[in-house]
Amino acid sequence: MRSFPRTPLVALLAASLLASACMSIPNSTGVHRLRPTVMAATDSGVVLFSAGAPGRCHTHATALTLTAAERGKSAGRVPPILVDGTLHKSDFTEYPGTLNAVQLPAGAYKLDPKIMNVFTIAHKMPVLEFDVRAGETVYAGELFIPRSCSTTMRFQVRDRFDRDVAMAVERNPALGARPVVKRLMRVRPDAADARRDSARSRTGS
């Protein structure tokens, strides 16, 4: 399985600001980076998803951290995946966004949105959950932020199956070696914010 370099969010933000001033940097999880041999693996699968926003953000960009949902398991070294940052060239013409494909061992996973600014506290950050099955390519949907540069994240999981799968196969024909199963991500509210909202509803404030 491919190993990704560890990329702290602070370093990613610095690179994003630099890229906005000069040039973009290739997306490490772009579909074109997936090796054809991955499709023959019997103990892992591939998750395909896109991420986007209405516009780009320089100071409060959002990135997704991919981790295993089950204790004791690992997703490997997957770098943070940008949503509305300026680091990568957009894969889409209608709005900024990226198309991503990651090989993962069979299991349950989650994407945690993070604001790429250590001085900003974000609220209502959901957790996005999905499953990967051995020998399967799963399309998990498009993760879309209706408002760029927001510290209160309201992600939409949208079904852009036809667009994303067609583009993925065009850019990496190996992804067409087997059918792509559609199983959209599940959105789970942030636990801390859910507790605060519950407390407010009880007190009427």
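Treat the numbers as computed from the prediction; the structure is a model and nothing was measured. (Residues numbered from 1 in each chain as written. Predicted model: local features only at pLDDT ≥ 70, side-chain atom pairs only at ≥ 80, totals over all residues. Heavy atoms only, no water.)

A. Fine view of the environment of S24. Relative to the helices and strands, S24 is located in the loop between α1 (9-21) and β1 (44-52). Between the C-alpha atom of S24 and that of L87, which follows or precedes it by 63 residues, the distance is 5.3 Å. (Helix = DSSP H or I, 4+ residues; strand = E, 2+ residues; numbered from the N terminus.)

B. View of the confidence of the model for the protein. Looking at the protein as a whole, the pLDDT averages 81, with 76% of positions reaching at least 70. Within the model, the stretch residues 2-7 combines pLDDT values under 50 with 15 contacts to residues more than four positions away or in other chains. For residues 17-22, every residue scores under 50 in pLDDT, and the model assigns this stretch seven contacts once sequence neighbours within four places are set aside. (pLDDT = per-residue confidence, 0-100. Contact = heavy atoms within 4.5 Å.)

C. The arrangement of the nonpolar core in detail. Core analysis: the largest hydrophobic core is formed by 24 residues, its most contacted members being V47, F49, L64, L104, L111 and F130. Discounting residues that sit within four places of it in the chain, F130 has contacts with V47, L66, L104, G107, A108, Y109, K110, L111, M185 and R186. (Core = buried A, V, L, I, M, F, W, Y, C linked by side-chain atoms within 4.5 Å. Buried < 20%, exposed > 50% of the residue type's maximum accessible area, 1.4 Å probe, protein only.)

D. Local environment of the sheet that holds strand β5 (residues 107-115). Taken in spatial order, the five strands make up an open sheet running β3-β2-β5-β6-β10, and their pairing is antiparallel. Each having just a single partner strand, β3 (81-82) and β10 (186-188) make up the two edges of the open sheet. Pairing of strand β6 (residues 127-132) with β10 involves three bridges; the strand directions are antiparallel. Bridge pairing links E129 to R186 in β10. (Pairing = 2+ DSSP bridges.)

E. Here's a closer look at the environment of H60. The topology assignment puts H60 in the loop between β1 and β2 (62-68). A relative accessible area of 24% means that H60 is categorised as partly exposed. Each C-alpha atom, one on H60 and one on C149, is 5.1 Å from the other, the two residues being 89 residues apart in sequence.

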